[in-house]
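So you can see what is in the structure, the chains are spelled out below.
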Amino acid sequence: MESKTKILERLVSKRDKSASDLKSIIHFVKNNNLRYPELVLDCSLQLLSKHSSGLDSEYHLIIEELVNAAIESDFLEVAMKGIKSLSRKFGDKNTKVIKIAGTYRESNGDENNANEYYDYILSENKNDLKVQKRKLALLKTKEDLQPYIEGLNKLLKDNMNDIETWAELGFVYLNNLK
C-alpha cells in the first residue's frame, strides 16, 4: 500500500495541474490531516486565479482552506481577505466564519478578541469541541498552568474518549512535575 507521503508526492509532481489536480491535492491534505500549509496556499491561489469560474459550489471551501493555510503560514493579509469573502457570503454570525476569525485573531496575538469570538460560539453551542480546545490553547500560553489543567480535566469529564486531550494532560503533568 502506498504511503500518504508518496501519494501526495505523485499528486504534486504533475507538471501542468488542472483544476481537478489542484482540488485533489487540497482535499487529500485536508482529509488525511496532513500539514502542508504552503502547498495548500499555493494550490488554492492557483485555483482561485486560474480556475475560479469552474469551482461553483467548492469556491468557498477553497477559500476556507486558503484562509487556514494562510494563517498557518503567517500570510495574514491573504487570510483576512479570505475571511472577508467568507463573511460576505455567509454573514458575520456564521459559526465557521467566527471560528476562522478567532483563529486569525489568535495568530495576530489578539487573544482577548479571539476569546470573545470563541465565547460567542460556545454560547450558541456549548459542545463545540474544537472551540473548547482553542480556548484551552489560549490558557496554555499563560504563566499559570492551573486553569489550563482544570480546563483539560473538565473537557475530559465531558469527553472521556478524547485521546488527544488525555495525551495533552499527561504531557503537561510530566513536564511540570516538581
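Note: the structure precedes this text.
Below or above, wherever it landed, is the structure these notes cover.

Thresholds, definitions, all that
- Residues numbered from 1 in each chain as written.
- Predicted model: local features only at pLDDT ≥ 70, side-chain atom pairs only at ≥ 80, totals over all residues.
- Heavy atoms only, no water.
- Helix = DSSP H or I, 4+ residues; strand = E, 2+ residues; numbered from the N terminus.
- Expected span 1.5 Å × (residues − 1).
- Buried < 20%, exposed > 50% of the residue type's maximum accessible area, 1.4 Å probe, protein only.
- Arc of directions from axis to C-beta.
- Phe/Tyr/Trp six-rings, centres within 6.5 Å; stacked < 30°, edge-to-face > 60°.
- Lys NZ or Arg CZ within 6 Å of the ring centre and 35° of its normal.
- Polar contact = N/O pair within 3.5 Å; in protein donor to acceptor, adjacent residues only side chain to side chain.
- Contact = heavy atoms within 4.5 Å.
- Salt bridge = Lys/Arg side-chain N within 4 Å of Asp/Glu carboxyl O.
- Core = buried A, V, L, I, M, F, W, Y, C linked by side-chain atoms within 4.5 Å.
- 1 Å grid on protein atoms, 1.4 Å probe; cavity = no way out; pocket = protein on both sides within 12 Å on 5 of 7 lines; lining within 4 Å.
- Points joined across faces, edges and corners; volume = space filled by probe spheres on them.
- Nonpolar A, V, L, I, M, F, W, Y, C, P; charged D, E, K, R; others polar.

### Regarding helix H9 (residues 146–158)
Okay, step 1: Under the 1.5 Å per step criterion, the end-to-end length of H9 is 19 Å for 13 residues, consistent within 8% with the ideal 18 Å.
Okay, step 2: When we look at burial in H9, the residues that qualify are Tyr 148, Ile 149, Gly 151, Leu 152, Leu 155 and Leu 156. For H9, the angular spread of buried residues about the axis comes to 160°, placing them on one side. Residues of H9 that are exposed and point more than 90 degrees away from the buried face comprise Lys 154, Lys 157 and Asp 158.

### Points about the packing of aromatic side chains
Okay, step 1: Inspection of the entire model under this criterion finds zero aromatic pairs.
Okay, step 2: Geometry around Tyr 120 places Lys 93 over its ring, the cationic atom sitting 5.0 Å from the centre.

### Observations concerning the side chain of Asp 21
Okay, step 1: Position of Asp 21 among the secondary structure elements: in helix H2 (residues 19–31).
Okay, step 2: From its side chain, Asp 21 meets the backbone nitrogen of Ser 18 in a polar contact 3.0 Å long.
Okay, step 3: Those residues in contact with Asp 21, other than ones at most four positions away along the chain, are Lys 14 and Asp 16.

### Things to note about the pattern of salt bridges
Okay, step 1: Enumeration over the complete set of coordinates arrives at 12 salt bridges.
Okay, step 2: Between Glu 106 and Arg 134 there is a salt bridge; the shortest N-O distance is 2.5 Å. One end of the pair, Glu 106, is in helix H6 (residues 95–107); the other, Arg 134, is in helix H8 (residues 129–140), and 28 residues separate them in sequence.
Okay, step 3: The exposure class assigned to Glu 106 is buried, which follows from its relative accessible area of 17%.
Okay, step 4: Overlapping salt bridges, with partners in common, bring together Lys 133, Asp 162 and Glu 164 in one network.

### A short note on the nonpolar core
Considering soluble globular proteins, one finds that nonpolar side chains tend to be buried as a cluster.
Okay, step 1: In this structure, Leu 47 and Val 67 are the most contacted members of the largest nonpolar core, which totals 29 residues.
Okay, step 2: Contributing elements (two or more residues each) for this core: H2, helix H3 (37–50), helix H4 (59–72), helix H5 (76–90) and H6.
Okay, step 3: The element that contributes the greatest number of residues to this core is H4, accounting for seven residues.
Okay, step 4: Ignoring sequence-local partners within four residues, the contact set of Leu 47 consists of Ala 19, Leu 22, Lys 23, Ile 26, Ser 52, Leu 55 and Ile 62.
Okay, step 5: Of all hydrophobic cores here, the second largest spans eight residues; its members include Tyr 148, Ile 149, Leu 152 and Leu 169.

### What about the layout of surface pockets?
Okay, step 1: Each pocket or cavity is described by its volume, and for the largest pocket that value is around 1300 Å³.
Okay, step 2: What lines the largest pocket is a set of 31 residues, and nearest its centre among them are Asn 68, Glu 72, Thr 103, Lys 130 and Arg 134.
Okay, step 3: A breakdown of the residues in the lining of the largest pocket according to their chemical character gives 14 nonpolar, four polar and 13 charged.

### Regarding the environment of Glu 106
Okay, step 1: Glu 106 sits 35 residues away from Ile 71 along the chain, and the two C-alpha atoms are 9.5 Å apart.
Okay, step 2: Apart from residues lying up to four places away in sequence, Glu 106 is in contact with Ala 114, Tyr 118, Arg 134 and Leu 138.

### A closer look at the side chain of Gln 132
Okay, step 1: Relative to the elements of secondary structure, Gln 132 occurs in helix H8.
Okay, step 2: Classification of Gln 132 as buried rests on a relative accessible area of 17%.
Okay, step 3: Sequence-distant contacts of Gln 132, that is, excluding residues within four places in its chain, are made with Leu 122, Lys 126, Asn 127, Leu 155 and Asn 159.

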